[in-house]
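Notes for the structure review
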Amino acid sequence: MDKNTTRYNVQLYIYDLSRGMARNLSPIMLGKQLDGIWHTAIVAYGDEFFFGGEGISSCSPGGTMLGPPDTVVDLGETEVTEEIFMEYLSSLGESTYRGDRYRLFEHNCNTFTNEVAQFLTGMPIPSYITDLPSEVLSTPFGQILRPILDSIHIAPPGGNVINGGRHI
């Protein structure tokens, strides 16, 4: 490895969309404990990147309406340059992560951050985040709520859409 290769820090920002309510209500509603309803974003190159109903967006770290993250996980470092990363995001935004491809349970912000984390660092995001949809859907109440929840497109206000908005 070249000693002069620039390395960039990569972080995972984790937000609890329920603001703690999932921890209190999930045992009653789902019959199992959920610690949160997770929204995640990748922070690299001085910006926060996330996927929602508008496609791939970016903002300054903590710059969405969600405010500062509940948890920050250091995912490691990458040698991928910002230019290559932005080309990668552009490609994803034109295909896999267009806004109209967003699905709350199967193809969401956490799916995006998991894929991007692996591209940048070779490491996935924590499984308690990626396993959340199956945890909810494994309950009778989750199955009842699924048609309603499937219609929800989460796109935290405050981001700048990179590309890949909704193509309807």
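Residues numbered from 1 in each chain as written. Predicted model: local features only at pLDDT ≥ 70, side-chain atom pairs only at ≥ 80, totals over all residues. Heavy atoms only, no water.

Naming follows an unreviewed UniProt entry, where the protein appears as palmitoyl-protein hydrolase of Menidia menidia. UniProt lists a comment for the protein under the heading Catalytic activity (unreviewed entry), and it reads "S-hexadecanoyl-L-cysteinyl-[protein] + H2O = L-cysteinyl-[protein] + hexadecanoate + H(+)". In the Sequence similarities (unreviewed entry) part of its UniProt record, the protein is described as follows: "Belongs to the DeSI family." (UniProt positions renumbered as here; feature names shortened; annotations may be inferred.)

Another aspect to go through is the packing of aromatic side chains. Per the stated rule, a full pass over the model turns up 11 aromatic pairs. Each ring, one from Tyr97 and one from Phe112, has its centre 5.3 Å from the other, and the planes form 75°; the classification is edge-to-face. Here Phe112 lies in helix α3 (residues 109-121) and Tyr97 lies in the loop between α2 (82-94) and α3, a separation of 15 residues in the sequence. Each member of the aromatic cluster is reached from another via a ring pair, and the members are Tyr8, Tyr45, Phe49, Phe85, Tyr88 and Phe119. (Phe/Tyr/Trp six-rings, centres within 6.5 Å; stacked < 30°, edge-to-face > 60°. Helix = DSSP H or I, 4+ residues; strand = E, 2+ residues; numbered from the N terminus.)

This structure, assessed with the given rule, holds three salt bridges. The salt bridge partner of Glu79 is Arg7, with a shortest N-O separation of 2.5 Å. Linking Glu79 in the loop between β5 (71-78) and α2 with Arg7 in the segment before β1 (8-16), this pair joins segments that are 72 residues apart in sequence. With a relative accessible area of 39%, Arg7 lands in the partly exposed category. Ionic pairing is found between Arg98 and Asp100, a salt bridge with its closest N-O pair at 2.8 Å. Given the relative accessible area of 18%, Arg98 is considered buried. Owing to a relative accessible area of 17%, Asp100 belongs among the buried residues under this scheme. (Salt bridge = Lys/Arg side-chain N within 4 Å of Asp/Glu carboxyl O. Buried < 20%, exposed > 50% of the residue type's maximum accessible area, 1.4 Å probe, protein only.)

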